[in-house]
Amino acid sequence: MSVGLISVIFGIVGLIAIAVTLYTPDKSRAQIEAEYATPPSIFVWVGGIRLHVRESGPVTGPAVVMLHGFASSLFTWEPWANALSDKYRIIRYDLPGFALTGPDPTGDYSDERGLEVLAALMDVLTVQQASLVGNSMGGKLAWMFAAKHPERVLKLILISPDGFANHEFRYGMKTQIPLFARLLPDILPAFIVRMTLGAAFGNPAAITKAMLERYRDLMLAPGNRAALIARMAQIDLERPEAILARITAPTLLLWGTKDIVIPAANATEFRRSIQGSHIITFPTLGHIPQEEAPGQSLAPARAFLDC
């Protein structure tokens, strides 16, 4: 046997050993729901999807619907929801393909499908009008809904929303799924979650152990990792200016200056495109200020909702 062949064999064995070591199976849905679907969690069938929903605050209060970002969950809003529930009817849900909602049986993760599900949920909960709060991907869903259904949106709060081209996404180009993402259905070591979440924080030291465990556990819900890749493959970015120009709701843009996921420079594009909108930035925060610094980021949002 040649030295070269021996090296190849040892290399293959080494790769297999690494794969076995890093292999991460799904957790059972019963186990994850027992831990995270505690009161006030409910499950609502909407558009053929079993949505994980949480409501808090007075039912007769002004409705506020909160929409989380990519690979996140309704728990990203926990501090904000608790604080605003004194006056507002807070509604938040896990978007299809994520957390306890899980995969959309249709396999459709397009923007249009997201708008359809949001409208249907509001109908099921008998919410005719609401203010929308959205972060990142959820921010894009919020502004698209406000443009398509202006009569249903009272106010709009967009936190580092998606929509304009950046270093990762280009107009008219299909998303290329990176190799590491293709491995997600089989491999999800804790350090990958820490690295990914750390990139979304201006100060990664603010990430707690409980936060890391929650993000990883919810990604390990059955089917979620495959759904995440399916959603990435369906991203089709088009220029948003014409749609944004149709928004009539008062709009507040919140952005962390240290955001390396969606650059804060995009805020200027949104302000230019949404008539009457204004921007507040946080010099020390990153992409998800509602989790990194809940009190600091909520203050201007609360003032905007209250006025």
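In this convention, every chain numbers its residues from 1, walking through the sequence in written order. Selection of residues for local features in this predicted model requires a pLDDT of at least 70, selection of side-chain atom pairs for listing and counting requires 80 or more, and totals for whole chains, interfaces and linings are taken over all residues. As a rule here, side-chain values come from all non-hydrogen atoms in the structure, and water together with hydrogens is ignored.

1. Overview of the overall build of the protein chain
Secondary structure summary: the protein chain contains 13 helices and eight strands in total. When its C-alpha atoms are laid out on the principal axes, the protein chain stretches across 80 × 40 × 35 Å. Here the contacts in the protein chain between residues at least 6 apart in sequence split such that 75% fall between residues at least 24 apart. Once the 27 positive and 27 negative side-chain charges of the protein chain are each reduced to a mean point, those two points are 2 Å apart. Put simply, DSSP marks the helices as runs of H or I at least four residues long and the strands as runs of E at least two long, and each gets a number from the N terminus on. The contact definition used throughout considers only heavy atoms, calling two residues in contact when any of these lie within 4.5 Å. Charge assignment in this entry is limited to Lys and Arg as positive and Asp and Glu as negative, and neither His nor the chain termini are counted. Lysine's charge is taken at NZ, arginine's at CZ, aspartate's at CG and glutamate's at CD.

2. A look at empty space enclosed by the protein
Once rolled over the atoms, a probe with the size of a water molecule shows which space is left empty. Here a cavity means grid points, on a 1 Å grid over the protein atoms only, where a 1.4 Å probe fits yet cannot get out; a pocket means an open set of points with protein on both sides within 12 Å along at least five of seven lines; lining residues are those with an atom within 4 Å of a point. Grid points are joined across faces, edges and corners, and a volume is the space filled by probe spheres set on the points. Per the counting criterion, the structure on display carries one cavity of 30 Å³ or more. Approximately 100 Å³ is the volume attributed to the largest cavity. Looking at the largest cavity, it is lined by 13 residues, and the ones nearest its centre are Ala71, Ser72, Ala99, Leu218 and Met219. Mapped onto the lining of the largest cavity, the elements with two or more residues apiece are α8 (209–219) and α9 (224–233). It is α8 that contributes the most residues to the lining of the largest cavity, four residues altogether. By the convention adopted, Pro, Cys, Tyr, Trp, Phe, Met, Ile, Leu, Val and Ala count as nonpolar, Lys, Arg, Asp and Glu as charged, and the other residues, Gly among them, as polar. Here the lining of the largest cavity is built from residues that sort into seven nonpolar, four polar and two charged.

3. Notes on the packing of helix α2 (residues 29–36) against α8
Comment: axis = line fitted to C-alpha atoms, over the contacting stretch for helices; angle = value between 0 and 180 degrees taken between N-to-C directions. Put simply, α2 and α8 touch, their axes get as near as 10 Å, and they point 145° apart. With respect to the hand of their crossing, α2 and α8 are arranged in left-handed fashion. Note on element contacts: α8 touches α2 through Glu213, Arg214, Asp217 and Leu218, opposite Ile32, Glu35 and Tyr36. Broken down by class, the residue content of the contact of α2 with α8 amounts to three nonpolar, no polar and four charged. Note on convention: near helix rotated counterclockwise from far helix by under a right angle means a left-handed crossing. Clockwise means right-handed.

4. Brief notes about the sheet that holds strand β8 (residues 278–282)
Taking strand neighbours across the sheet as the criterion, the eight strands line up as β1-β2-β4-β3-β5-β6-β7-β8 in an open arrangement whose pairing is mixed. Two strands bound the open sheet, and with one partner strand each, they are β1 (41–46) and β8. Each strand of the sheet is rotated relative to its neighbour by a mean of 25°, with strand direction disregarded. For two strands to count as paired, DSSP must find a minimum of two bridges between them. Taken together, the four bridges between strand β2 (residues 49–56) and strand β4 (residues 89–93) define a ladder with antiparallel strand orientation. Among the inter-strand pairings, Ser56 is bridged to a residue of β4, identified as Ile90. Where helix α4 (residues 111–124) meets the sheet, its contacts fall on β1, β2, β3 (63–67), β4 and β5 (130–135), and the angle it forms with β1 comes to roughly 115°. Running over the sheet, helix α11 (residues 266–273) touches β7 (251–256) and β8 and is turned about 175° from β7.

5. Considerations on α4
Between its first and last C-alpha atoms α4 spans 20 Å; for 14 residues at 1.5 Å apiece the expected length is 20 Å, and the two agree. Buried, partly exposed and exposed residues are distinguished by accessible area as a fraction of the type maximum, computed with a 1.4 Å probe on protein chains only: under 20%, between the cut-offs, and over 50%, respectively. Taken residue by residue, α4 has Arg113, Gly114, Leu115, Val117, Leu118, Ala119, Leu121 and Met122 as its buried positions. Those residues of α4 hidden inside the fold are in contact with β1, β2, β3, β4, β5 and α5 (137–148). Positive phi shows up at Thr126, right after α4, with a value of about 55°. Take the number of residues in a helix, subtract one, and multiply by 1.5 Å to get its expected span.

6. Considerations on the side chain of Ser277
By secondary structure assignment, the location of Ser277 is in the loop between α11 and β8. For Ser277, a relative accessible area of 9% translates into the label buried. Here the side chain of Ser277 touches Ile274 through a polar contact of 2.8 Å, landing on its backbone oxygen. What qualifies as a polar contact is a pair of N or O atoms within 3.5 Å, subject to a donor-acceptor requirement within protein and to the restriction that residues adjacent in sequence count only when both atoms come from side chains.

7. Remarks on α5
Across its twelve residues, α5 extends 17 Å between first and last C-alpha, which sits within 8% of the 16 Å expected from 1.5 Å per residue. Among the twelve residues that make up α5, eleven are buried, leaving the element largely enclosed by the rest of the structure. Every buried residue of α5 is listed here: Met137, Gly138, Gly139, Lys140, Leu141, Ala142, Trp143, Met144, Phe145, Ala146 and Ala147.

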